[in-house]
Amino acid sequence: MSVDAATVKRIGRLARIRIEEEEVAGYQAELNAILGFVEQLGEVNVDGVEPMTSVTPMQLRRRDDVVTDGDYAEAIVKNAPLAEDNFFMVPKVVE
């Protein structure tokens, strides 16, 4: 895939980046180099390669999902100007 000058200008406009006319050729060359590298990655044979989470082999640390705190909703809403069933009550703002 190749990027032309019009595409560089469009990318700049979408990214809200001002690109001067004399800069277009440089950005065009950089984008084409990046896309060329991405195309090279598509040629790599990755059959049988497991996905990695890190460059070093490691296991993700996991913990049990247990409730360690809570059950004090009444104390939380105690200072609220208006509460009902341990929920904050607020004025309606949408009609």
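Residues numbered from 1 in each chain as written. Predicted model: local features only at pLDDT ≥ 70, side-chain atom pairs only at ≥ 80, totals over all residues. Heavy atoms only, no water.

Looking now at the overall build of the protein. Regarding its fold elements, the protein presents 3 helices and 2 strands. Its helices and strands taken in sequence order, the protein reads α-α-α-β-β from the N to the C terminus. Over its C-alpha atoms the protein spans a radius of gyration of 28 Å, topping by over 25% the 12 Å that the globule rule assigns to 95 residues. Along the longest, intermediate and shortest principal axes, the C-alpha atoms of the protein span 65 × 45 × 20 Å. For the protein, buried positions account for 6% of its 95 residues. Sequence separation of at least 24 residues holds for 27% of the intrachain contacts in the protein that already meet a minimum separation of 6. Of the roughly 9,500 Å² of accessible surface on the protein, a fraction of 55% belongs to carbon and sulfur atoms. Taking the average place of the 10 positive charges on the side chains of the protein and the average place of its 18 negative ones, the gap between the two points comes to 5 Å. (Helix = DSSP H or I, 4+ residues; strand = E, 2+ residues; numbered from the N terminus. Rg over C-alpha atoms; globule rule 2.2 N^0.38 Å. Buried < 20%, exposed > 50% of the residue type's maximum accessible area, 1.4 Å probe, protein only. Contact = heavy atoms within 4.5 Å. Areas by Shrake-Rupley, 256 points an atom, 1.4 Å probe, with all protein chains shown as cover. Lys, Arg positive; Asp, Glu negative; His and termini not counted. Charge placed at Lys NZ, Arg CZ, Asp CG, Glu CD.)

The next point concerns the confidence of the model for the protein. When the pLDDT values of the protein are averaged, the result is 89; 100% of them are 70 or greater. Within the protein, helix α3 (residues 73-77) has the poorest average pLDDT of any element, 89, and helix α1 (residues 5-14) the best, 95. (pLDDT = per-residue confidence, 0-100.)

Turning to unusual backbone geometry, a few remarks are in order. Non-glycine residue Arg-16 carries a positive phi angle of around 55 degrees. The residue Arg-16 is located in the loop between α1 and α2 (24-41) in this model. For Asp-85, which is not glycine, the phi dihedral falls at a positive 50 degrees. Following the sequence through the fold, Asp-85 ends up in the loop between β1 (83-84) and β2 (87-88).

For the structure on display, the rule yields 2 salt bridges. With a closest N to O distance of 3.2 Å, Lys-9 and Glu-21 form a salt bridge. In this pair, Lys-9 sits in helix α1 while Glu-21 sits in the loop between α1 and α2, placing the two residues 12 residues apart along the sequence. Given the relative accessible area of 55%, Glu-21 is considered exposed. Notably, a salt bridge pairs Arg-18 with Glu-20, separated by 4.0 Å at the nearest N-O pair. When its relative accessible area of 71% is taken as the criterion, Arg-18 is described as exposed. (Salt bridge = Lys/Arg side-chain N within 4 Å of Asp/Glu carboxyl O.)

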